[in-house]
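Chain by chain, the residues run as shown.
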Amino acid sequence: MNGELILFFVLALVAIGSGVLMLNLTKVVHMVIALVFTFLSIAGLYIMLSAEFLAFVQILIYSGAITIIMLFGIMLTRHDDRAEKKVSLPKSIIVLSGIAVFFVIMFLQINDLSFGEQAAELHVDNAEKIGIELYSKYIIPFELTSVLLLVALVGAIVLAKRDDEKEAEDNE
Amino acid sequence: MSSVPLSVYLVLALILFCIGLYGALTKRNAVIVLISIELMLNAVNINLVAFAKFGINPNITGQIFALFTITVAAAEAAVGLAILIALYRNRKTVNVDEMNILKR
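Residues numbered from 1 in each chain as written. Chains lettered and ligands numbered in written order. Predicted model: local features only at pLDDT ≥ 70, side-chain atom pairs only at ≥ 80, totals over all residues. Heavy atoms only, no water.

Per an unreviewed UniProt entry, chain B is named NADH-quinone oxidoreductase subunit K, and its organism is Pseudalkalibacillus berkeleyi. UniProt, in its Catalytic activity (unreviewed entry) section for chain B, records the words "a quinone + NADH + 5 H(+)(in) = a quinol + NAD(+) + 4 H(+)(out)". (UniProt positions renumbered as here; feature names shortened; annotations may be inferred.)

Chain A is annotated in an unreviewed UniProt entry as NADH-quinone oxidoreductase subunit J of Pseudalkalibacillus berkeleyi. According to the UniProt record, the Function (unreviewed entry) comment for chain A reads "NDH-1 shuttles electrons from NADH, via FMN and iron-sulfur (Fe-S) centers, to quinones in the respiratory chain. Couples the redox reaction to proton translocation (for every two electrons transferred, four hydrogen ions are translocated across the cytoplasmic membrane), and thus conserves the redox energy in a proton gradient."

Set out below in structure tokens:
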């Protein structure tokens, strides 16, 4: 039992505990706050897996941007909403058994999976390596990503924009 | 050498994926369904980064793929919330089981 294992178990416990808490809390805002802890501990796991750049991206985008945008979504819709009506018992049993079957099948496959070798030097100049790889091998997907982000930006604005003429007709 | 084996990371990702799947299938608030989908994508990212370090022929490609996944997930969240806000303006609800206008 060394320090790395202890760190892993603490991070995993925080991640799974916040995930379960997310399912069981009643207020929607509390659910989002619980999820921030899951994202932060996943960032810690990335550092353990020698992916420092990805850990910073995770903290910036997930626990920063996505959480804020979800809070905006909650505040712009019905923010005092509680998970008032419980899901019907038969439905949750069916869903739970399906997920349990999926879990057991996957768990049996990955239980003692090991390839024996591991990369020792991924954490040396991590961001530089990612940049070189991105701009030499994956330049076309990288550019397509910018197109995707532009399309998502324009699409989100068009969808969320108030349709003035139609609204005026409805209000009359 | 790392003392935490590959399979432990995979099992953690599997548990997080199952939590996200349960949330996406049973929650009624559409914002929570979107958040559960984000959790599932995060579990997939853990797998990609773990295989980048421990897989056959380990290299940096797994981390690049995880970056692309994060980008696409961010775009998906933005568009999903825009659809949700437009829907809320028309139907005054965010519950997924009341979104049944395609049925008629």
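The discussion continues.
### Re the overall build of chain A
Of regular secondary structure, chain A possesses 7 helices and 0 strands. When the elements of chain A are put in sequence order from the N terminus, they spell out α-α-α-α-α-α-α. Counting only residues that meet the buried cut, chain A has 31% of its 172 residues in that class. Restricting the contact set of chain A to residue pairs at least 6 apart, pairs at least 24 apart contribute 55%. By element, 70% of the accessible surface of chain A is carried by carbon and sulfur atoms, the whole surface being about 10900 Å². (Helix = DSSP H or I, 4+ residues; strand = E, 2+ residues; numbered from the N terminus. Buried < 20%, exposed > 50% of the residue type's maximum accessible area, 1.4 Å probe, protein only. Contact = heavy atoms within 4.5 Å. Areas by Shrake-Rupley, 256 points an atom, 1.4 Å probe, with all protein chains shown as cover.)

### With respect to the layout of surface pockets
The computed volume of the second largest pocket comes to approximately 240 Å³. A:Leu134, A:Phe142, B:Leu67, B:Phe68 and B:Thr71 are the residues nearest the centre of the second largest pocket, which is lined by 16 residues in total. Of all elements in the fold, only helix H3 (52–76), helix H5 (126–136) and helix H6 (139–160) of chain A together with helix H3 (61–91) of chain B reach the threshold of two or more residues within the lining of the second largest pocket. For the lining of the second largest pocket, the element with the highest residue contribution is H3(B), accounting for 5 residues. Its residues assigned to classes, the lining of the second largest pocket shows 12 nonpolar, 4 polar and no charged. Residue assignment places the lining of the second largest pocket across two domains, with domain 1 (3–137) and domain 2 (138–172) of chain A each supplying three or more. (1 Å grid on protein atoms, 1.4 Å probe; cavity = no way out; pocket = protein on both sides within 12 Å on 5 of 7 lines; lining within 4 Å. Points joined across faces, edges and corners; volume = space filled by probe spheres on them. Nonpolar A, V, L, I, M, F, W, Y, C, P; charged D, E, K, R; others polar. Domains from an automatic or database assignment.)

### Things to note about the packing of aromatic side chains
Enumeration according to the criterion identifies 8 aromatic pairs over all chains in this entry. Taken together, the ring pairs connect A:Phe8, A:Phe9, B:Tyr9 and B:Phe54 into an aromatic cluster. (Phe/Tyr/Trp six-rings, centres within 6.5 Å; stacked < 30°, edge-to-face > 60°.)

### Overview of the confidence of the model for chain A
Overall, the prediction assigns chain A a mean pLDDT of 85, with 87% of residues at 70 or greater. Looking across chain A, the model is least confident in helix H7 (residues 164–171) of chain A, with a mean pLDDT of 62, and most confident in H6(A), with 92. (pLDDT = per-residue confidence, 0-100.)

### Concerning unusual backbone geometry
Positive phi, normally seen in glycine, also occurs at A:Ser50, with a value near 55°. With respect to the helices, strands and loops of the structure, A:Ser50 is situated in the loop between helix H2 (28–48) and H3.

### Description of the interface of chain B and chain A
Of the residues lining the interface, 75 residues belong to chain B; the matching set on chain A comes to 78 residues. Applying the counting rule to chain B against chain A returns 0 salt bridges. At the surface where chain B touches chain A, the tally comes to 9 residue pairs in polar contact (both at pLDDT 80 or more). By residue number, the principal contributor to the side of chain B that touches chain A is H3(B), which donates 23 residues. For the side of chain B that touches chain A, the class distribution of residues is 52 nonpolar, 17 polar and 6 charged. (Salt bridge = Lys/Arg side-chain N within 4 Å of Asp/Glu carboxyl O. Polar contact = N/O pair within 3.5 Å; in protein donor to acceptor, adjacent residues only side chain to side chain.)

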